[in-house]
Amino acid sequence: MRQIKAVERLNDQQTALLMAKLTVPVAVSEVLIEGRKLEEDELLALHQILSEMEPDTAFLAMAASIAELGHFAGIRKTPLMGTLTLQSRQYVSEYAPLWLENAQSTTHVMDQHNVYDLLSTLPEDLEALNEMLGIVLSSSAIDDATKQILRVFQIQSNAHKLIAEALLEEFDTLSAREDAQLPSMEEIEEAYKANYHQKQTHENNVISFPARH
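Values in this document were obtained by computation on a predicted structure and should not be read as measured data.

Participant: Summarise the nonpolar core; cite the residues concerned and give the values.
Facilitator: Leu 18, Leu 50, Ile 66, Leu 84, Leu 129, Leu 150 and Phe 153 are the most contacted members of the largest nonpolar core, which has 44 residues in total. The element that contributes the greatest number of residues to this core is helix H4 (residues 55–69), accounting for nine residues.

Following this line, the structure appears as structure tokens:
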């Protein structure tokens, strides 16, 4: 069973910074405040924004957005939605501190052990989020506006799970080399991109790695 990562409660300043940098939770909140459904172009834009993020950033953006859903009175509070919201808050508490530490400095290099700690659980957590979203979306008690947003997250969580799995495989491959040190995130990404381009002529369904954010 997956062990829970260290949990650190974010202060107000950290929370505000997280929301500003991720952008998606703020956009979702604005739509909920207006009490309306997303337009088609807005749905496409939400897909585009998430697809261009790295897997850990997209995961955190989706989890933080779902956690925001629990603050709105217009969202019907079903047991399923409550469980999803609580789990998403847990994910934010686990992933946000390291993400913020890495995001606040352009010169900061992630510790190699932190890279492994992140990648070792990310595919599993993305899969778990995807499964929970599927269960919630099957409920007739969830309103259409909420379902719109959650469907986008369901698609994106599955896509980013595949990328995260590929990155973890590259990490394991690079780490297994004789006398090899733990690889950096940049080395893992470069190996992933190289393999992607090599396979591109043979496979049409490989997901390309997004630009670094």
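Further notes follow.
Participant: Give a description of helix H2 (residues 24–34) that names residues and reports values.
Facilitator: The complete set of buried residues in H2 reads Val 24, Pro 25, Val 28, Ser 29, Val 31 and Leu 32. Viewed along the axis of H2, the buried residues span an arc of 160°, placing them on a single side of the element. Facing away from the buried side of H2 by over 90 degrees, the exposed positions are Ile 33 and Glu 34. Of the residues one or two after H2, Gly 35 is the one with positive phi, at around 65°.

Participant: Mind laying out the environment of His 47, listing which residues take part and the relevant values?
Facilitator: Note on placement: His 47 falls in helix H3 (residues 40–51). You can call His 47 partly exposed: its relative accessible area is 21%. On a C-alpha basis, the gap between His 47 and Phe 153 in space is 8.3 Å, while along the polypeptide they are 106 residues apart. Apart from the residues within four sequence positions on either side, His 47 is in contact with Val 152, Ile 155 and Gln 156. In this structure the side chain of His 47 is engaged in a polar contact, spanning 3.0 Å, whose partner is the side chain of Gln 156.

Participant: Account for the packing of H4 against helix H5 (residues 79–103), naming residues and giving values.
Facilitator: Contact geometry for H4 and H5: axes closest at 8 Å, N-to-C directions at 135°. In terms of orientation, H4 lies oblique with respect to H5. Handedness of the H4/H5 crossing: left-handed. Every residue of H5 that contacts H4 at Asp 56, Thr 57, Phe 59, Leu 60, Ala 63, Ala 64, Ile 66, Ala 67 and Leu 69 is listed here: Met 81, Leu 84, Thr 85, Ser 88, Arg 89, Tyr 91, Val 92, Tyr 95, Ala 96 and Trp 99.

Participant: So what's going on with the pattern of salt bridges? Which residues, and what values?
Facilitator: Summed over the entire model, instances satisfying the criterion amount to two salt bridges. Of the charged contacts, one joins Glu 34 and Arg 36 as a salt bridge, the two residues approaching to 2.4 Å between their closest N and O atoms. By relative accessible area, which is 28% here, Arg 36 ends up partly exposed. A cluster of three or more residues bridged by salt bridges with shared partners is formed by Glu 34, Arg 36 and Glu 42.

Participant: Tell me about the packing of aromatic side chains, residues and numbers included.
Facilitator: Scanning the entire structure with this criterion turns up two aromatic pairs. Centre to centre, the rings of Phe 59 and Tyr 95 are 5.0 Å apart; their planes meet at 75°, and the pair counts as edge-to-face. Residue Phe 59 is located in helix H4, and its partner Tyr 95 is located in helix H5; the two are separated by 36 residues in the primary sequence. Considered together, Phe 59 and Tyr 95 belong to a single accessibility category, that of buried residues. Cluster of aromatic residues (ring-pair linked, three or more members): Phe 59, Tyr 91 and Tyr 95.

Basis of the calculations
- Sequence order sets the numbering: in each chain, residues are counted from 1 along the sequence as written.
- Under the rules for a predicted model, residues below a pLDDT of 70 receive no local features and side-chain atom pairs below 80 are neither given nor counted, while totals for whole chains, interfaces and linings still include all residues.
- Excluding hydrogens and water, the side-chain figures rest on all heavy atoms present in the structure.
- Here, nonpolar core means buried Ala, Val, Leu, Ile, Met, Phe, Trp, Tyr and Cys residues that are tied together by side-chain atoms lying within 4.5 Å of each other.
- We call a residue buried when its accessible area falls under 20% of the maximum for its residue type, exposed when it is over 50%, and partly exposed in between, using a 1.4 Å probe and counting protein chains only.
- Segments assigned H or I by DSSP are reported as helices when at least four residues long, segments assigned E as strands when at least two residues long, and all are numbered from the N terminus.
- It is the directions from the helix axis to the C-beta atoms that the arc portrays.
- Should any heavy atoms of two residues lie within 4.5 Å, those residues are counted as being in contact.
- Polar contact is the term for a pair of N or O atoms within 3.5 Å; when the atoms are in protein, one must be able to donate a hydrogen and the other to accept it, and sequence-neighboring residues count only if both atoms are side-chain atoms.
- An axis is simply a line fitted to the C-alpha atoms; with a helix, the fit covers only the stretch in contact. Between two such axes, the angle follows the N-to-C directions and lies from 0 to 180 degrees.
- Relative orientations are named as follows: roughly parallel for angles under 35 degrees, roughly antiparallel for angles over 145 degrees, roughly perpendicular for angles from 65 to 115 degrees, and oblique for any other angle.
- Take the far helix as the reference: if the near one is turned anticlockwise from it by less than a right angle, the crossing is left-handed, and if turned clockwise, right-handed.
- The rule for a salt bridge is simple: a side-chain nitrogen of Lys or Arg has to be within 4 Å of a carboxyl oxygen of Asp or Glu.
- Classification of ring pairs uses Phe, Tyr and Trp, with its six-membered ring standing for Trp, and accepts pairs whose centres are within 6.5 Å; under 30 degrees between planes counts as stacked, over 60 as edge-to-face, and the remaining range as tilted.

Read these as layout, nothing more, since geometry by itself doesn't imply function.
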